[in-house]
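Here is how the chains run, residue by residue.
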Amino acid sequence: MDLLLIFLSAAIVNNFVLSLFLGICPFLGVSNKTSSAISMGMAVTFVMVLTAIVSWILYFIVLVPFKLEFLQIPSFILVIASLVQFVEMVIKKVSQPLYRALGIFLPLITTNCAILGLALLLSMREYSLLQSIIFGLGAGAGFTMALFIMAGIREELELTDVPKPFRGVPITLITAGLLALAFMGFAGMI
Amino acid sequence: MKANKTLGYEYIKGFWETNPVLKQVLGMCPTLAVTVSVMNGLAMALATTFVLVFSSLLISSIRKLIPNQVRIAAFIVVIATFVTIADLVMKAQFPDLSKALGPFVPLIVVNCIILGRAEAFASKNSPFRSFLDALGNGTGFLIVLVVMGGIRELIGSRTLLGYQILPNGFEPWLIMILPAGAFLTLGLLMGLANFYVDKKKRSEREELIQKYRKSQNDVEVKGQEA
């Protein structure tokens with residue numbers, strides 16, 4: 001039950017994109033087409049779960065016992081950067097189709113604040129390893145969902161006559177605002 | 001004289017011409033997340049500017065020592081160092097602010113503005129120029145954050161910097177301090193900025209056309225006289 005709550009909270013109620021504002025850059029950048037939105041979402045979810053495991057081990061097994069918490073930021077960011085590189089290499093070797101599907105999105109993930117945000121939040125909230133994994137899964141699912149919905153709306157938006165100054169990023173932001181408003185409806189759920 | 005002018009330009013251009021948020025669309029996450037009030041926006045922008053200025057300065061001083069292949073990793077380590085300093089100082093000196101900003105102070109490390117300036121400017125220019133560029137971009141970021149925070153605080157909770165401005169009769173718009181309000185405010189702000197730029201461009205173009213027509217007319221008149 002506890003795990004289910006963590007999952008739902010990360011995926012819907014405290015959606016990473018729409019209520020915590022983490023990962024806005026890919027949200028605005030890659031939400032043009034539903035197909036690329038799904039690929040990006042999958043890549044992010046995959047890296048998020050791995051990050052949750054690795055950063056949990058790093059923080060609670062290495063940093064906390066040796067009282068090195070002040071090294072949290074540099075060590076997390078380096079671990080995430082090397083993890084992404086490593087994942088990219090492994091996928092390239094193991095599965096070419098998957099590599100082609102995720103390919104260009106993987107390097108972008110390094111500077112995605114949702115990933116580092118996830119690592120920081122799970123150390124701040126002192127989750128257990130299992131809880132962290134579920135948290136990563138939920139956050140990834142929520143991110144994918146927000147990206148997919150946004151991409152669907154933007155595909156329709158292409159066909160509409162938006163006032164010229166609002167074309168591009170501004171109208172996307174306003175759409176995201178309305179979407180966030182809709183997601184607020186879930187706030188009472190937990 | 002000319003050198004002075006361009007140095008000034010390195011500083012000024014970040015305010016509006018290449019404003020990191022409105023024009024380059026960088027650093028959106030903190031812009032949206034922390035601008036619930038002017039104070040939060042100001043604190044966030046100052047912390048970011050601190051990191052931006054010092055990491056640009058350091059990166060540009062050691063730019064010739066960094067091998068090209070590992071430059072991104074080197075930049076990130078430099079940036080992470082300054083972010084840690086900012087985070088710890090804030091936790092020690094302003095615990096309330098640090099709590100209000102939550103994970104967004106450590107998240108400065110992945111703020112695209114900083115890595116963007118390091119990659120696009122500091123790694124190619126002299127320390128002094130990078131310093132000015134970083135300061136200008138930081139100020140541009142500060143302007144947007146304070147304006148956003150001002151609008152949202154004024155309409156969302158009737159206050160500015162904690163002092164009540166609007167009378168009690170004004171019903172605060174709760175939506176402005178909720179996440180949705182952040183998206184809407186920034187979207188409208190960017191739309192306005194684009195509108196202004198378009199208008200300016202159009203009037204400049206019309207002026208040019210008129211000048212051209214006038215000169216053509218002059219030539220014709222002269223031709224007829226001859």
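Asks: What is the right way to read the overall build of chain A from this model?
Replies: Counting its regular elements, chain A contains 9 helices and 0 strands. The order of helices and strands in chain A, counted from the N terminus, is α-α-α-α-α-α-α-α-α. Since a compact globule built from 190 residues should have a radius of gyration of about 16 Å, the 17 Å found for chain A is in line with a globular shape. In terms of its C-alpha atoms, chain A occupies a principal-axis envelope of roughly 60 × 45 × 30 Å. Across chain A, every contact between residues at least 6 apart in sequence was considered, and the portion connecting residues at least 24 apart equals 80%.

Asks: Would you mind showing me how to read the overall build of chain B here?
Replies: When helices and strands are counted, chain B shows 8 helices and 2 strands. For chain B, the sequential pattern of α-helices and β-strands runs α-α-α-α-α-α-α-β-β-α. Its C-alpha atoms give chain B a radius of gyration of 22 Å, clearly above 17 Å, the size a compact globule of 226 residues would have. Dimensions of chain B along its principal axes, counting C-alpha atoms only, are 80 × 60 × 30 Å. Across chain B, contacts joining residues at least 24 apart in sequence account for 74% of those joining residues at least 6 apart.

Asks: What am I meant to see in helix α9 (residues 169-183) of chain A here?
Replies: An α-helical turn contains 3.6 residues, so any two residues separated by three or four positions project in the same direction. With 15 residues, α9 of chain A extends 21 Å between its outermost C-alpha atoms, agreeing within 8% with the 21 Å of an ideal straight helix rising 1.5 Å per residue. Within α9 of chain A the residues assigned to the buried category are Pro170, Ile171, Thr172, Leu173, Ile174, Ala176, Gly177, Leu179, Ala180 and Phe183 of chain A. Taken together, the buried residues of α9 of chain A touch α2 (24-29) and α8 (129-157) of chain A together with α8 (179-225) of chain B.

Asks: Whenever I open this one, the nonpolar core confuses me. Can you help?
Replies: When a protein is soluble and globular, its nonpolar side chains tend to lie buried together. Counting residues in each nonpolar core, the largest one holds 107 residues, and the members touching the most others are Leu116 of chain A together with Ile79, Val109 and Phe183 of chain B. It is α8 of chain A that provides the largest number of residues to this core, a total of 11 residues. Excluding residues that lie within four positions of it along the chain, Val109 of chain B makes contacts with Ile73, Ile77 and Leu116 of chain A together with Ile79, Ala80 and Val83 of chain B.

Asks: Sorry, what's going on with the interface of chain A and chain B here?
Replies: Note: interface size is frequently given as the accessible area lost on complex formation between the parts. Contacts between chain A and chain B engage 32 residues on the former and 33 residues on the latter. Of all elements in the fold, only α2, α4 (72-94), α7 (113-124) and α9 of chain A reach the threshold of two or more residues within the side of chain A that touches chain B. Looking at the side of chain A that touches chain B, the element that brings in the most residues is α9 of chain A, giving 9 residues.

Asks: For this particular structure, what's the right way to read the environment of Val105 of chain B?
Replies: Residues and elements named next belong to chain B. Relative to the helices and strands, Val105 is located in the loop between α5 (95-101) and α6 (112-122). When the 27 C-beta atoms within 10 Å are taken as the criterion, Val105 is described as buried. Spatially, the C-alpha atom of Val105 lies 7.6 Å from that of Ala47, the residues being 58 residues apart in sequence. Each residue touching Val105, except ones within four places of it in the same chain, is listed here: Ala47, Ala86, Asp87, Met90 and Ser98.

Asks: Hey, could you run me through unusual backbone geometry in this one?
Replies: All names here are of chain A. In the Ramachandran plot, Phe21 falls in the positive-phi region, its phi being about 60 degrees despite a non-glycine side chain. When you line up the elements, Phe21 lands in the loop between α1 (2-13) and α2. With a phi close to 55 degrees, Glu126 is a non-glycine residue in the positive phi region. Along the polypeptide, Glu126 turns up in the loop between α7 and α8. We classify Glu126 as exposed; it has 11 C-beta atoms within 10 Å.

Asks: Looking at this structure, how should I read the confidence of the model for chain A?
Replies: In regions of low pLDDT, the predicted coordinates are not meant to be interpreted in detail. Averaged over every residue, the pLDDT of chain A is 84; the share at 70 or more is 95%. No element of chain A has a lower mean pLDDT than helix α6 (residues 105-109) of chain A, at 71, and none a higher one than α8 of chain A, at 91.

Asks: Hey, could you run me through the packing of helix α3 (residues 38-61) of chain B against α6 of chain B in this one?
Replies: Two packed helices can be described by the angle between their axes and the distance between those axes. Residue and element names in this part refer to chain B. At a minimum axis separation of 10 Å, α3 and α6 run at an interaxial angle of 30 degrees. Classed by the angle they form, the pair α3 and α6 counts as roughly parallel. Pair α3 / α6 crosses with right-handed handedness. When α3 is examined against α6, the residues Val51, Leu52, Ser55, Ser56, Ile59 and Ser60 are found in contact with a partner set consisting of Ile113, Ile114, Arg117, Ala118 and Ala122. Along the lines of polarity and charge, the residues of the contact of α3 with α6 split into 7 nonpolar, 3 polar and 1 charged.

Asks: Explain the environment of Gln164 of chain B to me, please; I cannot follow it from the model alone.
Replies: Residue and element names in this part refer to chain B. Within the secondary structure layout, Gln164 lies in strand β2 (residues 163-164). Gln164 gets classed as exposed once you count the C-beta atoms within 10 Å, which come to 11. Considering only alpha carbons, one finds Gln164 and Ala73, 91 residues apart in sequence, at a separation of 46 Å.

Asks: What am I meant to see in the packing of helix α3 (residues 34-63) of chain A against α8 of chain A here?
Replies: Residue and element names in this part refer to chain A. Running from amino to carboxyl end, α3 crosses α8 at an angle of 165 degrees, the nearest separation of the two axes being 8 Å. Here α8 runs roughly antiparallel to α3, going by the angle between their axes. Handedness of the α3/α8 crossing: right-handed.

Asks: Just to check I follow, could you spell out the confidence of the model for chain B for this structure?
Replies: Residues and elements named next belong to chain B. Confidence in the prediction for chain B averages 85 pLDDT; 97% of positions are at 70 or higher. By mean pLDDT, helix α1 (residues 2-12) is the weakest element of chain B at 68, and α3 is the strongest at 91. We note a pTM of 0.84 for the whole complex and an ipTM of 0.83 for its interfaces.

The rules behind the values
Numbering of residues starts from 1 in each chain and follows the order in which that chain's sequence is written. As a convention, the first chain written is A and the first ligand written is 1, with the rest following in written order. Per-residue local features of the predicted model are confined to residues with pLDDT of at least 70, and side-chain atom pairs are confined, for both listing and counting, to 80 or more; whole-chain, interface and lining totals are unaffected and use all residues. Numbering of helices and strands runs from the N terminus; a helix is a DSSP stretch of H or I covering at least four residues, while a strand is a stretch of E covering at least two. In this description the radius of gyration comes from C-alpha coordinates, and the expected globular size is given by 2.2 Å times residues to the power 0.38. Residues are defined as contacting one another if the C-beta atoms placed from their backbone atoms lie within 7 Å. Take the number of residues in a helix, subtract one, and multiply by 1.5 Å to get its expected span. Backbone-placed C-beta atoms define the burial measure: a residue is buried with 20 or more other C-beta atoms within 10 Å of its own, exposed with 12 or fewer, and partly exposed in between. Buried Ala, Val, Leu, Ile, Met, Phe, Trp, Tyr and Cys residues whose C-beta atoms connect them within 7 Å together make up a nonpolar core. pLDDT is a per-residue confidence score from the predictor, ranging from 0 to 100. Here an axis means a line fitted to C-alpha atoms, over the contact stretch when the element is a helix, while the angle between two N-to-C directions is reported on a 0 to 180 degree scale. An angle below 35 degrees is treated as roughly parallel, one above 145 as roughly antiparallel, one from 65 to 115 as roughly perpendicular, and anything else as oblique. By convention, the crossing between two helices is left-handed when the near helix turns anticlockwise from the far helix through less than a right angle, and right-handed when the turn is clockwise. Here the term charged refers only to Asp, Glu, Lys and Arg, the term nonpolar to Ala, Val, Leu, Ile, Met, Phe, Trp, Tyr, Cys and Pro, and the term polar to all other amino acids, Gly among them.

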